[in-house]
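This is what each chain is made of:
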Amino acid sequence: MTDLVKVQAATAAELLVNIDLSDEASAHIVADTAPEISIVRLMDAGLYADAVKLLSHGLPKREAVWWACLCTRDVHNPQTDENNSKALHAAESWVKNPTEERRQICKRMGQLTKHQTPASWAATAASWCHGSLSEPGEPVIEPPQHLYAHAVSGSVTLAAVLSDPVDPTSAFKKYLAQGLDLARGGNGKVE
């Protein structure tokens, strides 16, 4: 039994279809059980980036992008440049009201920030949740249903590493606690 009410996948195997985990992770995955079991086992083994990937793919789109925003906000500081501040704001705005106009702003901000920062990947994740990958006026190319999760896991992982490049363990633990809170139906704001 799992209390991750927001995760629709019944088993970890359903989420693993679109993820490449580290070689070490396979020993900790229990594919035929609820995703929570594998996520916790990965965390216990210190394989935080793999746990982030699995959880990112389990969360619904808005919750996943919000998770990326929370982690990005944690490393946001007065030295953050204007474009990355705008990218984070765009992603947060999309979460609150996921309109096509806001998605397009996120897409532009992700491109402008060159997919190199947590904010850039948070905005990109929002832009990959719906709509078209192509430019307006071009034939529609719908994003694969799981694409947003790759950007979310990139944002969360990059935020953790930027938080402490030497040992991001505590940041990973904090961010995974936020993600699990979201998966349980919370707001992700944990101490």
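A. A look at the nonpolar core. Core analysis: the biggest nonpolar cluster contains 55 residues, and Leu55, Val65, Trp67, Val152, Tyr175 and Leu176 have the highest contact counts within it. Elements with a contribution of two residues or more to this core: helix H2 (35-44), helix H3 (48-58), helix H4 (61-75), helix H5 (82-96), helix H6 (100-112), helix H7 (118-127), helix H8 (147-163) and helix H9 (169-183). By residue number, the principal contributor to this core is H4, which donates nine residues. Once you skip the residues sitting within four places of it in the chain, Val152 turns out to touch Ser56, Ala64, Val65, Trp67, Ala68 and Ala125.

B. Layout of the packing of H4 against H9. For the pair H4 and H9, interaxial distance at closest approach is 10 Å and the crossing angle is 150°. With respect to H9, the element H4 is oriented roughly antiparallel. Every pair of crossing elements has a handedness; the one defined by H4 and H9 is right-handed. Across the interface between the two elements, Glu63, Trp66, Trp67, Leu70, Cys71, Asp74 and Val75 of H4 pack against Lys174, Tyr175, Leu176, Gln178, Gly179 and Leu182 of H9. Grouping the constituent residues of the contact of H4 with H9 by class yields eight nonpolar, two polar and three charged.

C. Representation of the environment of Ala10. Relative to the elements of secondary structure, Ala10 occurs in the segment before helix H1 (12-16). In the structure, Ala10 is positioned 113 residues away from Ala123 in sequence and 28 Å away in space, judged by C-alpha atoms. When sequence neighbours within four positions are dropped, the list of residues in contact with Ala10 reads Thr33, Ala34 and Pro35.

D. Looking closely at the side chain of Ser132. With respect to the helices, strands and loops of the structure, Ser132 is situated in the loop between H7 and H8. Overall, the relative accessible area of 12% leaves Ser132 in the buried class. A distance of 2.7 Å separates polar atoms of two side chains, one belonging to Ser132 and the other to Ser134. Among the polar contacts made by the side chain of Ser132, one reaches the main-chain amide nitrogen of Ile141 at a distance of 2.9 Å.

E. Structural view of the packing of H4 against H5. Relative to each other, H4 and H5 sit at 150°, their axes nearing to 9 Å. With respect to H5, the element H4 is oriented roughly antiparallel. Where H4 crosses over H5, the two elements pack in a sense that is left-handed. In this structure, H4 contributes Lys61, Arg62, Val65, Trp66, Cys69, Thr72 and Arg73 to the contact, and H5 contributes Leu88, Ala91, Glu92, Trp94, Val95 and Lys96. Considered class by class, the residues forming the contact of H4 with H5 number seven nonpolar, one polar and five charged.

Rules used throughout
Residues numbered from 1 in each chain as written. Predicted model: local features only at pLDDT ≥ 70, side-chain atom pairs only at ≥ 80, totals over all residues. Heavy atoms only, no water. Core = buried A, V, L, I, M, F, W, Y, C linked by side-chain atoms within 4.5 Å. Buried < 20%, exposed > 50% of the residue type's maximum accessible area, 1.4 Å probe, protein only. Helix = DSSP H or I, 4+ residues; strand = E, 2+ residues; numbered from the N terminus. Contact = heavy atoms within 4.5 Å. Axes fitted to C-alpha atoms, helices over the stretch in contact; angles between N-to-C directions. Parallel < 35°, antiparallel > 145°, perpendicular 65-115°, else oblique. Left-handed = near helix turned anticlockwise from the far one by under 90°. Nonpolar A, V, L, I, M, F, W, Y, C, P; charged D, E, K, R; others polar. Polar contact = N/O pair within 3.5 Å; in protein donor to acceptor, adjacent residues only side chain to side chain.

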